[in-house]
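A closer look at the structure
Given next are the chains, with one letter for each unit.
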Amino acid sequence: MTAVLPTLDLDPFDPEVLRDPLPAQAALRDAGPLVRLPRYDTWAIARYAEVHAALTDWQSFESSAGVGLTNFRTGTPWRPPSLLLEADPPHHDAPRAVLAKVLGPRALRKLRADWLADAEALVDEVLPGGTVELDAVPALAAAFPLRVFPDAVGLAREGREHLLPYGDHAFNAFGPTDNALVLAGNASMPEHAGWVARQCEREVLAPAGFGADIWAAADRGELTHAQAPLVVRSLLTAGVDTTVHGIGAVLHALAVTPGAWQLLRERPELVRVAFDEAVRWESPVQAFFRTTVRDVPVGDAVVPAGEKVLVVFAAANRDPRRWADPDAFDLTRDPSGHVGFGMGIHQCVGQHVARLEAESLLTALLARVTSLELAGDPVRHLNNTLRSWESLPVRLVC
Amino acid sequence: MTTAARSTVRVAAKERVADGVVALTLVDPDGARLPDWTPGSHVDLVLPTGDTRQYSLCGDRWDAFAYRVAVLREPAGRGGSAWVHDELAVGDLVGLGGPRNQFRLVPAPRYLFLAGGIGITPLLPMVDAARRLGADWRLVHGGRSRASMAFLDELDDPRVTVWPQDELGLLPLGDLLTGLDDGTRVYCCGPAPLLDAVEAVCPPGLLRTERFVAREQGAPVRDEPFTVVLDRTGAEVVVTPEVSVLEAVRAAGADVLSSCRQGTCGTCETTVLAGDPDHRDSVLDEAERAAGDCLLVCVSRSRGDRLVLDL
Ligand code: FES
């Protein structure tokens, strides 16, 4: 190889980068198709074409060595690895098949009418009439998923407050283990993780719901009974924070983009496009690592076998090589093909759930709210993997 | 980035692998990755005769760029296998549906694989998976004669028993299937008499079988243009063989989301109000296909000349 490999002295987990990752992501894209990041002795891929290729090529980029910075071949995972996110074929096959069915678009048809009614009820509660100012994160983005998803899984009412901090820590833990965000979460983790583990047991789950469906698959032999609770755990880890932040992202985008709310009111059939465009624009899940199983060519260079590679979904979703005017939130574009849910065999198995939650809430809001705008400065919540809002003050005119 | 309708594959190789059996290597016409699959999957091949035939994938899924299927010439068959043997040539294009899996390998500590003749095909990738999973496994491969049995050269392993009927008689099912412990899963694929015999002896909770029954087909698959009606706007659009329904309806103004464009993720699912879908996806199961009320528009098409979608 004669080409000099681009090397960047940047820390993707630095608090300032987490607060505003866009300059670092642009620098990674511009540096080349493959970039060396010596700070953590790792590599990064940030251009759309190479990100898409790496995500679909599970044969070269494995997940079972962990999709965070810790290499499970040499280091210890903080919890038993996920049977989905942190597994490769053939181990990945059965859990994925079961969960894809449980959360499939056909299964969700049954929930559609109920979730829209739930969204209308929530909107009626927070909008008594006239103009309202509120923090859209707790009042809407968190309230709606927490209202419908735990019930759909079949969780007990007690203790649901553990869900968000558990998920937040799990996504922080993909970063460096000595990072301040991880250290801050470690102390309360046994309590959250203990509650989550107990909710995965069949006796605790409601007799109907996603959780019961997973156990029923185990009774049919499609999973082992030892696998069932870990598959339920995946729902609880990856199914709450991500949708909260996805809904926060679309509400923020609609509040700050002139004309977007009016266009959506005129053309409510665009609500699904609006959510996917927000997932592209914001990338609630910013990046995951993969590990090379052999020497893998990327661009003109080669990643040696056994190396951790940061695959930056967020950078790919704003790559000007793929998207016209990528920094614009644009309801008239087709966001299809974004990698905000990943791509390939590990693509977010709950994506249809997330879309249905967002569609339900937006539809209910559009029916009542004539304008949506910021009512103050939004504040970021920092996480090593997620991009999200701590608070989003908005004014809703009814 | 190619957005062409991904429902065609090219025959890259055709090779005789046993008496009356040819193996086909199928690739994407543009050299792209093919949709991912799991052991036990089959594809639908849509032949130029209009016939659709199901074949188990029997290649290596660690090669994302090629599918392998093996086709037995069936004298009593409906002509599809004869056409593959006699007419199909390297370089030809055939329509593709799937892959779909109705014969999944479930997790178990022990497997007994029973193959009858060409029934070895779905079991080959299962044997590979069992090896990688570190499970206990055994394969008993029966056939009329060694010369009629495909892939014997790939099965050089002490856990494989080759059982040609002309040398050893019928498979000793009584011996093989008694005294199995509860952790064993038995996977059997082969001719109907073998499956019937196995079902008669094997404890039902342990057994998984695959039977290819000719599907009741509506109108034959066609490659002529058809019309899609967008019910909400009343727009009509003609879908020619070169474009997908997704591309056609988007061009007609429908804001349909998609993601994988391979029929695997489910994002583009669209409600069908009237018409006879030609399902080519990997998402819907048999019951969902039979219901005929939804379509994965990135790959699936129409059997009739009119399809009404809820768009
Ligand atoms: S876009 Fe994935 S199934 Fe059609």
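Just so it is clear, the structure is predicted and the values come from calculations on it, not from any experiment.

Describing the overall build of chain B
- Of regular secondary structure, chain B possesses 7 helices and 18 strands.
- Its C-alpha radius of gyration of 21 Å places chain B within 12% of the 19 Å reference for a compact globule of 311 residues.
- For the C-alpha atoms alone, the extent of chain B along its principal axes is close to 65 × 40 × 35 Å.
- Within chain B, buried positions represent 53% of all 311 residues.
- Considering only contacts within chain B whose residues lie at least 6 apart along the sequence, 62% involve residues at least 24 apart.
- As displayed, chain B offers around 12800 Å² of accessible surface, 50% of which is attributable to carbon and sulfur atoms.
- The positive charge centre, built from 32 side chains, and the negative charge centre, built from 45, are 2 Å apart in chain B.

Observations concerning the overall build of chain A
- Summing up its helical and strand segments, chain A has 16 helices and 12 strands in all.
- In terms of overall size, chain A behaves like a compact globule, its C-alpha atoms giving a radius of gyration of 21 Å where 398 residues would be expected to give roughly 21 Å.
- For the C-alpha atoms alone, the extent of chain A along its principal axes is close to 65 × 50 × 40 Å.
- In chain A, buried positions account for 61% of the 398 residues.
- The contacts of chain A with a sequence gap of at least 6 include a subset with a gap of at least 24, amounting to 71%.
- Surface summary for chain A: the accessible area is close to 14700 Å², and the carbon and sulfur share equals 56%.
- Put simply, chain A has 36 plus and 50 minus side-chain charges, and the middle of one group is 4 Å from the middle of the other.

A word on the sheet that holds strand 11 (residues 207-210) of chain B
All names here are of chain B.
- The 5 strands lie next to each other as 9-8-7-10-11, forming an open sheet whose pairing is parallel. Two strands bound the open sheet, and with one partner strand each, they are strand 9 (160-164) and strand 11. Each strand of the sheet is rotated relative to its neighbour by a mean of 15 degrees, with strand direction disregarded.
- Where helix 2 (residues 120-133) meets the sheet, it contacts strand 7 (110-116), strand 8 (136-143), strand 10 (184-189) and strand 11, and its direction lies at approximately 160 degrees from that of strand 7.

Some details on the packing of aromatic side chains
Residues and elements named next belong to chain A.
- Under the counting rule described, the total for this entry stands at 14 aromatic pairs over all chains.
- Taken together, Phe171, Phe174, Phe288 and Phe313 form an aromatic cluster joined through their ring pairs.
- Positioned above the aromatic ring of Tyr40 is the side chain of Arg39, whose terminal nitrogen or guanidinium carbon lies 4.7 Å from the ring centre.
- Taking the ring centre of Trp389 as reference, the NZ or CZ of Arg380 above it sits at 3.6 Å.

A word on helix 3 (residues 48-56) of chain A
- Along helix 3 of chain A, the positions that sit buried rather than exposed are Tyr48, Val51, Ala54, Leu55 and Thr56 of chain A.
- In the core, the buried residues of helix 3 of chain A are packed alongside strand 2 (42-45), strand 3 (61-62), strand 5 (288-292), strand 8 (308-311) and helix 15 (313-316) of chain A.

Overview of the packing of helix 5 (residues 105-126) of chain A against helix 16 (residues 351-368) of chain A
Residues and elements named next belong to chain A.
- Between helix 5 and helix 16, the least distance of the axes is 8 Å, while the angle of their chain directions is 35 degrees. Between helix 5 and helix 16 the crossing geometry is right-handed. Where helix 5 abuts helix 16, its residues Pro105, Leu108, Leu111, Arg112, Trp115, Leu116, Ala119, Glu120, Leu122, Val123 and Asp124 lie against His352, Val353, Leu356, Glu357, Glu359, Ser360, Leu361, Thr363, Ala364, Leu365 and Arg368.
- Looking at the contact of helix 5 with helix 16 residue by residue, the class counts come to 13 nonpolar, 3 polar and 6 charged.

Concerning the sheet that holds strand 5 of chain A
- Strand order in this open sheet of 5 strands is 1-2-8-5-3 (chain A), and the pairing throughout is mixed. Strands at the two margins of the open sheet, each flanked by one partner only, are strand 1 (35-37) and strand 3 of chain A.

Thoughts on the pattern of salt bridges
Residue and element names in this part refer to chain A.
- Throughout the structure, instances matching the rule amount to 49 salt bridges over all chains.
- Arg355 is paired through a salt bridge with Asp276; the nearest N and O atoms lie 2.7 Å apart. Of the two residues, Arg355 sits in helix 16 while Asp276 sits in helix 14 (residues 271-282), which places them 79 residues apart along the sequence.

What about the interface of chain B and chain A?
- Between chain B and chain A, the residue contacts involve 35 residues of the former and 37 residues of the latter.
- Three residues, Trp62, Pro107 and Leu257 of chain B, lead the burial of chain B against chain A; their summed loss comes to 21% of the area buried on that side.
- Linking Arg261 of chain B and Asp334 of chain A is a salt bridge whose minimum nitrogen-to-oxygen distance equals 3.8 Å.
- For the interface between chain B and chain A, the tally reads 17 residue pairs in polar contact (both at pLDDT 80 or more).
- Breaking the side of chain B that touches chain A down by element, the ones donating at least two residues are helix 2, strand 14 (269-274) and helix 7 (286-291) of chain B.
- The residue inventory of the side of chain B that touches chain A, partitioned by class, reads 16 nonpolar, 6 polar and 13 charged.

Observations regarding the packing of helix 12 (residues 241-256) of chain A against helix 14 of chain A
All names here are of chain A.
- Where helix 12 meets helix 14, the closest approach of the two axes is 9 Å, and the angle between their N-to-C directions is 95 degrees. As judged from the angle between their axes, helix 12 and helix 14 are roughly perpendicular. Across the interface between the two elements, Gly246, Ile247, Ala249, Val250, His252, Ala253 and Val256 from helix 12 touch Ala274, Phe275, Ala278, Trp281 and Glu282 from helix 14.
- In the contact of helix 12 with helix 14, the residues fall into 9 nonpolar, 2 polar and 1 charged.

Considering the confidence of the model for chain B
All names here are of chain B.
- Mean pLDDT over chain B stands at 92; residues scoring 70 or higher make up 94%.
- Confidence over residues 214-218 falls short of pLDDT 50; this stretch has 10 contacts with residues more than four positions distant or in other chains.
- Interface confidence in the predicted complex, given as ipTM, is 0.94; pTM for the same model is 0.96.

Brief notes about the nonpolar core
- In terms of nonpolar packing, the biggest core is built from 84 residues, with Leu99, Leu140, Phe210, Ile214, Leu254 and Leu365 of chain A touching the most fellow members.
- Looking at this core, the element that brings in the most residues is helix 6 (residues 136-153) of chain A, giving 11 residues.
- Those residues in contact with Leu99 of chain A that lie beyond four places of it in its chain are Leu84, Ile214, Val231, Leu235 and Val349 of chain A.
- Counting residues in hydrophobic clusters, the runner-up holds 27 residues, among them Ala70, Ala150, Val160 and Tyr187 of chain B.

Structural notes on the environment of Glu161 of chain A
- Within the secondary structure, Glu161 of chain A sits in the loop between helix 6 and helix 7 (163-172).
- It is 39 Å that separates the C-alpha atoms of Glu161 of chain A and Pro38 of chain A, two residues lying 123 residues apart in sequence.

Some details on the domain arrangement of chain B
All names here are of chain B.
- Taken domain by domain, chain B comprises domain 1 (5-99), domain 2 (110-211) and domain 3 (226-309).
- The C-alpha centroid of domain 2 is placed 23 Å from the C-alpha centroid of domain 1.
- Listed as interface residues are 16 residues of domain 1 and, on the opposing side, 16 residues of domain 2.
- Summing the contributions of domain 1 and of domain 2, the shared interface buries around 1300 Å²; its carbon and sulfur component is 63%.
- Joining domain 1 to domain 2, the criterion identifies 1 salt bridge.
- One salt bridge in this structure joins Arg68 and Glu154, with 2.9 Å as the shortest N-O distance.
- The interface formed by domain 1 and domain 2 includes 2 residue pairs in polar contact (both at pLDDT 80 or more).
- Going through the elements one at a time, strand 1 (8-18) and strand 5 (67-72) are the ones with two or more residues in the side of domain 1 that touches domain 2.
- If you tally residues by element for the side of domain 1 that touches domain 2, the top one is strand 5, at 3 residues.

Conventions used here
- Residues numbered from 1 in each chain as written.
- Chains lettered and ligands numbered in written order.
- Predicted model: local features only at pLDDT ≥ 70, side-chain atom pairs only at ≥ 80, totals over all residues.
- Heavy atoms only, no water.
- Helix = DSSP H or I, 4+ residues; strand = E, 2+ residues; numbered from the N terminus.
- Rg over C-alpha atoms; globule rule 2.2 N^0.38 Å.
- Buried < 20%, exposed > 50% of the residue type's maximum accessible area, 1.4 Å probe, protein only.
- Contact = heavy atoms within 4.5 Å.
- Areas by Shrake-Rupley, 256 points an atom, 1.4 Å probe, with all protein chains shown as cover.
- Lys, Arg positive; Asp, Glu negative; His and termini not counted.
- Charge placed at Lys NZ, Arg CZ, Asp CG, Glu CD.
- Pairing = 2+ DSSP bridges.
- Axes fitted to C-alpha atoms, helices over the stretch in contact; angles between N-to-C directions.
- Phe/Tyr/Trp six-rings, centres within 6.5 Å; stacked < 30°, edge-to-face > 60°.
- Lys NZ or Arg CZ within 6 Å of the ring centre and 35° of its normal.
- Left-handed = near helix turned anticlockwise from the far one by under 90°.
- Nonpolar A, V, L, I, M, F, W, Y, C, P; charged D, E, K, R; others polar.
- Salt bridge = Lys/Arg side-chain N within 4 Å of Asp/Glu carboxyl O.
- Buried area = accessible area lost by both parts, 1.4 Å probe.
- Polar contact = N/O pair within 3.5 Å; in protein donor to acceptor, adjacent residues only side chain to side chain.
- Parallel < 35°, antiparallel > 145°, perpendicular 65-115°, else oblique.
- pLDDT = per-residue confidence, 0-100.
- Core = buried A, V, L, I, M, F, W, Y, C linked by side-chain atoms within 4.5 Å.
- Domains from an automatic or database assignment.

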